[in-house]
Number of protein chains: 2
Amino acid sequence: MAVNNFSAAQRSRVTMLDVAERAGVSKASVSRFIGDDRALLSDAIALRIEQAIDELGYRPNQMARGLKRGRTRLIGMLVADIRNPYSIAVMHGVETACRQHGYSLVVCNTDRDDEQERQHLAALRSYNIEGLIVNTLGHHLDQLLELQREMPLVLVDRKVEPLHSDLVGLDNPAAVRIAVEHLEQQGYRNVLLVSETTDGTSSRLERLESFKAELARRSGLTGAVVELDDELESRLQTFLAKPGSKALFCANGIAALACTRALKALGCELFNDVGLIALDDLDWYPLVGNGITALAQPTQAIGASAFDCLLKRLRGDTAPARTLDFLPELIIRGSTQLPVGGGLLPMAACPSAYL
Amino acid sequence: MAVNNFSAAQRSRVTMLDVAERAGVSKASVSRFIGDDRALLSDAIALRIEQAIDELGYRPNQMARGLKRGRTRLIGMLVADIRNPYSIAVMHGVETACRQHGYSLVVCNTDRDDEQERQHLAALRSYNIEGLIVNTLGHHLDQLLELQREMPLVLVDRKVEPLHSDLVGLDNPAAVRIAVEHLEQQGYRNVLLVSETTDGTSSRLERLESFKAELARRSGLTGAVVELDDELESRLQTFLAKPGSKALFCANGIAALACTRALKALGCELFNDVGLIALDDLDWYPLVGNGITALAQPTQAIGASAFDCLLKRLRGDTAPARTLDFLPELIIRGSTQLPVGGGLLPMAACPSAYL
DNA sequence: GGAATGACTGAAACCGGTTTCAGGAAACCA
DNA sequence: TGGTTTCCTGAAACCGGTTTCAGTCATTCC
C-alpha cells in the first residue's frame, strides 16, 4: 500500500554511522567531510566518503547538528496578522533572504491574540531558533526580553519600547509628509486620517503624531483623525458633510479596504466626492474607481534587511541597536485627482479608461 | 549594552541537568516530569521538580527531545506562491490547527521555482519534520517520494500523480458547474474561461475539463478558454467583439485580478460590457464595479483538514489515500447581473450604491 | 640516525534530552 | 517470617551528530 505506518518511529534513515561503516572510516571523518573541515581529510578518504554518501543517499540530520553546535539554521518570525498583505510581503522578503543564506523560517501568526503570542514564543524558544523577527504588539515583554538575552532579535514596523533591538520599518514622518504634501498640492483642504486602533503600536502612533504635526505646519489644511470601528460609515458621513475639498488618508491597507467599502456603502462616487491616499500599495488599488493613490512600502527590502540585521548580529556585530527607516514610493492614481470644480461638480472629469 | 554577542555560542540556557541538581533528583525523573510519565513519580519528587523548574525558568529543548524520540513537533508546508491569497488563507488554516495541537509550522515558499523547491525539500528533510503539506507543482518527484517514505504527506489543491497521498482541495467539477449554471441562469450565453497556464497543475486542468464538459451539456451556451499571458488584453478584446451577452469565468484570484485590470485598460464599463465570476473570494471583490461574483473556497477548513489528515496518519491511520473535496460557496454580486437589454444598452442598471 | 614537525585519523566525550534496566523500599501474601 | 509483587528512582546507554585529544605515520631537520 502506498500509505505507510508512521506512528511507530520507523525512522530507518541513513545515519552518519552507516556512511562511516560503508566508507570504512570513523564518524569523525564523515563529520569533517560534511562540515567545513574537508581540508583536513586526505583525498583518498574524502573520495570514499563522498561515494558512500552518494550510494546511501545520506543527508545529515540538522537537529542533531544543532544540538552540539548550537546552530539550527532556523529563524523565527512572529507576525501579528498573517492576512495583512504588508506582513505577507515582508515575510516573503525574509523568507527569500533566509533561503539564500541556508536558513529556514518558522512562521508564527498570533492573530493579534496575546495568548497565541505567548504560546508561539515558548515554542520558538524550545526550537533553539538562532534569531527572531518580531512584528507584533509585543505584550509578553518578559518572554521577549528572555529571548533577547539568548538570541538576536529584530523588530519590524513596530517598536517595542523596552526592547531596544534593531528596528526595520518605514520612515513614518517622511511618509506622512509626502502624503499630506501630495494632497495639499492636489488641492485638497480637509484631510481625515483613518487608522486602525493604535493600541500602543508605535508605527500607528508615529503616523498619527506626524499627521498632526504636518497639519500644524500647513496653514492651508485642516484635518481630523478617526480609528476604525463599527461607526466608520457614520463618521465618514459626518466628514463628507463638511464644506470644501476633502480627502481620506488611510494609514494602512486594512484602513483603505474599510474606507473604500464604507464609501461605497454610502453611495459615494469613487473618488469624486472625496479623495483618498493609502499607505501600502495593494494589487487591487488600480481597479477601484480610477485607481487609489498609494505610498508603497519597499516590503521586500524591509524583509531582506531585517534578516540582514539578524545575520550581522549572529556574526558577532555588537554595534548599538540600529534603526533602518525606509522611504515609501508615491504612486499617483485617480483617487487624488481633484475633479474640476473642487468636488462640487462630480462630472466626467475622470474618463473611465483612466489608470 | 543592550546588544549582546551571540556569535560565540554563549548558550547559557537552563538544562535538564540544572533542574535535576537543583531538585536533588536524577535527569530521568525530570524527564518523566516533563513527559507524559508524571504518574510514575511520587508527589514529593514531582513537587520538588516543579519548584526547581519554576525557579530556574526551565524550558525543555525540543531539538534534543526530537533527536531520541523522533518527534520534532514540526510540520513542513511547501507553498508554490506565498503571495497568492489562496495559499495564505490555507496556510492560516494549517497554522491554526498546528498550534492547537502543539505543532509548529515551517513554511517554505518556492516562488514557482524548481530549484527553490529542491532546496526547500532538502532542508525540510534535514529538520526531521513529522509531516509535510504540499501545494506546489511537484517536480522533483524523486525527493517527494523519498520524503513520502519517511513521513505522511498531504497534497493541497493539486494532485501530484504518482504520489497518491491524501488530497485536500476543491470539488472542481461542482465548482465549475455552479459557476456555469449561475452564468446561464443570469442570461449569459457566451463564456470565456480565463486560467493561469495549466502547466500540469491538476486543479487547473480539472477546472478546464469540467468547463468544457459543462458547455457540452448545455445547448444554450458557447464558450472558449484562454490562458493568462501578455496577450490577455487583445484576447479579451476579440472575445468582447462577439455578439450576445458575454461573461468571463476566472479560474482563480490571479486570473480575476488580471482580467479586471485588462478590462479596465480596454475601457470597459465594469461589468456592463461583460459579466465576470471568479473562483476564490478576495476582499476587494465587493469594491470593483458593482462587486465581483465569487465562488469562495472554504480555505480555513481546507487548511485545518490538511493538518487533520496528517495527524491521523501520524497516529497510525493506514487507510488508503483519501480525497477530500470541499464545496465552494456562491457569493452573488453585481458582476453577474446582466444589464437590462442584454448588455447592449449599458445604462444605469446598476446604481452605484449597489453591493 | 634520532628528534622534531606536520598531516591525518579515530576513540571517546559531549550536546540535552529519552528510555531501558536494575535495584531498593514498601506493600502484599501466605 | 520470608517471598513476591508493586512502586519509585537513578545509572547508563542512546539518539545523530560535533569536537577534543591523543596517536600513527611520513617528512623534515640537525
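Residues numbered from 1 in each chain as written. Chains lettered and ligands numbered in written order. Predicted model: local features only at pLDDT ≥ 70, side-chain atom pairs only at ≥ 80, totals over all residues. Heavy atoms only, no water.

(A) Looking closely at the protein's contact with DNA strand D. Close to DNA strand D lie 27 residues, the nearest being M16(A), S31(A), R65(A), R32(B) and S42(B). Backbone sugar and phosphate groups make up 59% of those atoms of DNA strand D lying within 4 Å of the protein. S26(B) places a polar side-chain atom, nitrogen or oxygen, 3.3 Å from a phosphate oxygen of DNA strand D. In this structure, S42(B) approaches DNA strand D through a side-chain N or O atom, which is 2.5 Å from a phosphate oxygen. Contributions of two or more residues to the surface near DNA strand D are made by α2 (27-34) and α4 (62-69) of chain A together with α2 (27-34) and α4 (62-69) of chain B. Top element by residues in the surface near DNA strand D is α4(A). It accounts for 5 residues. Residue composition of the surface near DNA strand D, grouped by class: 12 nonpolar, 7 polar and 8 charged. (Near = heavy atom within 4 Å. Polar contact = N/O pair within 3.5 Å; in protein donor to acceptor, adjacent residues only side chain to side chain. Helix = DSSP H or I, 4+ residues; strand = E, 2+ residues; numbered from the N terminus. Nonpolar A, V, L, I, M, F, W, Y, C, P; charged D, E, K, R; others polar.)

(B) Layout of the interface of chain A and chain B. With 83 residues of chain A at the interface, the matching set in chain B holds 83 residues. When chain A packs against chain B, close to 7200 Å² is buried across both sides, 57% of that on carbon and sulfur atoms. By the criterion of area lost to chain B, the three top residues of chain A are Y127(A), K264(A) and L287(A), representing 11% of everything that side buries. Notably, a salt bridge pairs E150(B) with R13(A), separated by 3.9 Å at the nearest N-O pair. Taken together, the connections running from chain A to chain B amount to 24 residue pairs in polar contact (both at pLDDT 80 or more). Looking at the side of chain A that touches chain B, the elements that each hand over two or more residues are α4, α5 (85-100), β2 (104-109), α6 (114-126), α7 (141-150), α11 (253-265) and α12 (299-314) of chain A. The element best represented in the side of chain A that touches chain B is α6(A), accounting for 7 residues. Taken together, the residues that form the side of chain A that touches chain B break down as 35 nonpolar, 29 polar and 19 charged. (Contact = heavy atoms within 4.5 Å. Buried area = accessible area lost by both parts, 1.4 Å probe. Salt bridge = Lys/Arg side-chain N within 4 Å of Asp/Glu carboxyl O.)

(C) Main features of the packing of helix α5 (residues 85-100) of chain B against helix α12 (residues 299-314) of chain B. All names here are of chain B. At a minimum axis distance of 7 Å, the contact between α5 and α12 shows a crossing angle of 50°. Overall, the two elements α5 and α12 adopt an arrangement that is oblique. With respect to the hand of their crossing, α5 and α12 are arranged in right-handed fashion. Contacts from Y86, A89, V90, H92, G93, V94, T96, A97 and C98 in α5 reach T299, Q300, I302, G303, A304 and F307 in α12. Classifying every residue of the contact of α5 with α12 gives 9 nonpolar, 6 polar and no charged. (Axes fitted to C-alpha atoms, helices over the stretch in contact; angles between N-to-C directions. Parallel < 35°, antiparallel > 145°, perpendicular 65-115°, else oblique. Left-handed = near helix turned anticlockwise from the far one by under 90°.)

(D) Highlighting the protein's contact with DNA strand C. Around DNA strand C, the structure places 27 residues, and the nearest of them are R32(A), S42(A), M16(B), S31(B) and R65(B). Among the atoms of DNA strand C lying within 4 Å of the protein, the sugar-phosphate backbone contributes 61%. One of the side-chain N or O atoms of S42(A) is found 2.5 Å from a phosphate oxygen in DNA strand C. The contact in question runs from a base oxygen of DNA strand C to an N or O atom on the side chain of K68(A), over 3.5 Å. Within the residue set of the surface near DNA strand C, elements represented by two or more residues are α2 and α4 of chain A together with α2 and α4 of chain B. The dominant element in the surface near DNA strand C, judged by the number of residues it contributes, is α4(B), at 5 residues. The class makeup of the residues in the surface near DNA strand C is 13 nonpolar, 6 polar and 8 charged.

(E) View of the nonpolar core. If you look at the biggest cluster of nonpolar residues, it comprises 56 residues, and the most contacted ones within it are W284(A) and W284(B). Excluding residues that lie within four positions of it along the chain, W284(B) makes contacts with L257(A), D283(A), W284(A), L287(A), A256(B), L257(B), T260(B) and I292(B). Of all hydrophobic cores here, the second largest spans 51 residues; its members include I88(A), V107(A), I133(A) and L310(B). (Core = buried A, V, L, I, M, F, W, Y, C linked by side-chain atoms within 4.5 Å. Buried < 20%, exposed > 50% of the residue type's maximum accessible area, 1.4 Å probe, protein only.)

(F) Main features of the sheet that holds strand β9 (residues 275-279) of chain A. Residue and element names in this part refer to chain A. Taken in spatial order, the 6 strands of this open sheet run β7-β6-β8-β9-β10-β12, and their pairing is mixed. Each edge of the open sheet is held by one strand with a lone partner, namely β7 (222-227) and β12 (329-331). Taken pair by pair, the neighbouring strands of this sheet meet at an average axis angle of 20°, ignoring direction. Pairing between strand β10 (residues 293-296) and β12: 3 bridges, direction antiparallel. Along β12, the bridge assignment pairs L295 with L330. Along the sheet face, helix α8 (residues 172-185) touches β6 (190-195), β8 (246-250), β9, β10 and β12 and points at about 160° away from the line of β10. (Pairing = 2+ DSSP bridges.)

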